[in-house]
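# Topology and contacts: notes
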Amino acid sequence: MNMVELIERKRDGGVLSDGDITRVVKMYAAGDIPDYQMSALLMAVFFQGMKRRELDALTAAMLASGETADLTGIDGVKVDKHSTGGVGDKVSIILAPLVAAAGVPVPMMSGRGLGHTGGTLDKLESIPGFRTGLDNAAYRAVIRETGFAMIGQSERMVPADRKMYALRDVTGCVPSIPLICSSIISKKKAEGADALVLDVKTGSGAFLPGRKDTLALARELVRLGNSLSLATVAQLTAMDEPLGLAVGNWLEVKESIDCLHGRGPDDVMAVVKRLGALMLILGGRTRSLAEGERMIMAEVRSGEGFRRLCSMVEMQGGDPDVLREPERMAFARYRIPLAAPGPGFVSGIDAREIGLAAVQTGAGRTVKEAGVDAQAGIVLMKKRGDRVEGGEPLAEVHTNMPEEHDVIAGRVLNAFAFSQHPVERPPLIGELIDPRGYVEQ
Ligand code: URA
């Protein structure tokens, strides 16, 4: 196989054969193709897209690059949820233990920060000792014991996605329908789920912000999942402003704990309830969205969701005491408050800009080899629709990098838009897309 020829063919709008795709993925996962050539190919895919047949071959090759978990010994329909990527999106950390507590096992393989969005693995790893790289036996044991497990791609499971995901993160190759679909669905098949709820983000903070692209992504994900016997539905949710108040790894874990104690922001809980209800429907626990939402909230009130999170964290090597007493974790060295320039109403907070500012605080990566700062990030004090007085705090930047203060502060302030008139909050929950292509408002 001549990699240069394949890059040129894709660059010029040609089609790659199943065999070419299988070989490229296998060789890249094995370390036999250098990053610079794989980056060039991914960028060519970004510009030229892929035919459906190429996407199917890419997904199959990524799945075949590692082991697949066998969860047949675990009773019940195993249901997972995955987001296409958002800012402040800590939903998985809240949702998985609640759904498990409501009786549906949740095998969850997540990703790291990608582009301007945060990643569940980076967030969970801010808990001292927490491990996301479990072997198959340990993964099954955690699900059996706590009803859910939260792991990452590894050398053994979907290693191709592990490497390609990290490369896309730092080469501008994230917002591509075939690359997103193959990345998500290969992980979900490998983890052993039977059914999947996708949270497809739409709006300025989504990778594909336009409505047409969002719907195309949702439909392709639903088609691809179901074609691989993964019962898949997609729920569109708004990502115009960050979800909740906290953006950053430990800051988001802390907010997730608040949510599990019933003190979470309304927007986060609205998404948790809707996605949770859909997971309970797919898992056969209810037939009604309203009842599913009530079941999720019952697990918040009983405290069982929080207890399950602590048990899972402990089994995966993390220190559950920091979840019970989050104030034990140190803050970043610099906490810079940002004040409103004048009185008015917040009319928007650009999620993408806040996400990029969070990366600058140290919460995300700009090169593949970099680590992330567990403490860094941004805490919002106001959201769209809130009234502000001049000088009132809008947000706080948390960072350990004093040299970046001013730039980050300016960026966060610029992300806010104001109006002199009251501002409505637009709906957060959009269309639901099922395998028949059915779209429900
Ligand atoms: N989530 C993933 O797992 N992969 C993507 O490409 C985007 C979101």
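The rules behind each value
- Residues numbered from 1 in each chain as written.
- Predicted model: local features only at pLDDT ≥ 70, side-chain atom pairs only at ≥ 80, totals over all residues.
- Heavy atoms only, no water.
- Helix = DSSP H or I, 4+ residues; strand = E, 2+ residues; numbered from the N terminus.
- Expected span 1.5 Å × (residues − 1).
- Buried < 20%, exposed > 50% of the residue type's maximum accessible area, 1.4 Å probe, protein only.
- Contact = heavy atoms within 4.5 Å.
- Pairing = 2+ DSSP bridges.
- Axes fitted to C-alpha atoms, helices over the stretch in contact; angles between N-to-C directions.
- Near = heavy atom within 4 Å.
- Polar contact = N/O pair within 3.5 Å; in protein donor to acceptor, adjacent residues only side chain to side chain.
- Areas by Shrake-Rupley, 256 points an atom, 1.4 Å probe, with all protein chains shown as cover.
- 1 Å grid on protein atoms, 1.4 Å probe; cavity = no way out; pocket = protein on both sides within 12 Å on 5 of 7 lines; lining within 4 Å.
- Sits in = over half its atoms within 2 Å of the grid points.
- Nonpolar A, V, L, I, M, F, W, Y, C, P; charged D, E, K, R; others polar.
- Phe/Tyr/Trp six-rings, centres within 6.5 Å; stacked < 30°, edge-to-face > 60°.
- Lys NZ or Arg CZ within 6 Å of the ring centre and 35° of its normal.

### Focus: helix H10 (residues 211-227)
In this model H10 runs 24 Å from its N-terminal to its C-terminal C-alpha over 17 residues, within 8% of the 24 Å that 1.5 Å per residue would give. Among the residues of H10, Thr214, Leu215, Leu217, Ala218, Glu220, Leu221, Val222, Leu224 and Gly225 are the ones counted as buried. Contacts made by the buried residues of H10 are with helix H4 (52-64), helix H9 (177-190), strand S4 (195-202), strand S5 (231-238) and strand S13 (429-433). Ser229, located one to two residues past H10, shows a positive phi value of around 60°.

### Thoughts on the sheet that holds strand S10 (residues 387-388)
Ordered by their spatial adjacency, three strands build an open sheet running S10-S8-S12, and the pairing between neighbours is antiparallel. Bordering the open sheet on either side are S10 and strand S12 (416-419), each of which pairs with just one other strand. Across two bridges, the pairing between strand S8 (residues 344-349) and S10 is antiparallel. Bridge pairing in S10 links Gly344 to Val388. Contacting S8 and S12, helix H17 (residues 405-415) runs over the sheet at an angle of about 40° to S12.

### Quick notes on the site of the ligand
Surrounding the ligand, one finds His82, Ser83, Thr84, Leu114, Tyr165, Arg168, Ile180, Ser183, Ile184 and Lys187. Taking His82, its side chain carries an N or O atom lying 2.9 Å from an oxygen atom of the ligand. In this structure, Lys187 approaches the ligand through a side-chain N or O atom, which is 2.5 Å from an oxygen atom. Notes on the ligand: free accessible area 240 Å², of which the protein chains cover 97%. With respect to the pocket detection grid, the ligand is positioned in the largest cavity. Element by element, the count of residues in the shell around the ligand is highest for H9, at four residues. Per-class residue counts for the shell around the ligand are four nonpolar, four polar and two charged.

### Looking at the packing of aromatic side chains
Within the structure shown, the criterion is met by two aromatic pairs. Taken together, a centroid distance of 5.0 Å and an interplanar angle of 80° make the contact between Phe46 and Phe47 edge-to-face. Both rings, one in Phe416 and one in Phe418, keep their centres 6.2 Å apart while their planes meet at 15°; by these two values the pair is stacked. A relative accessible area of 6% places Phe416 in the buried class. Just above the ring of Tyr28 sits the side chain of Lys163; from NZ or CZ to the centre is 4.4 Å. Here the basic side chain of Arg335 rests over the ring of Phe331, its NZ or CZ set 3.9 Å away from the ring centre.

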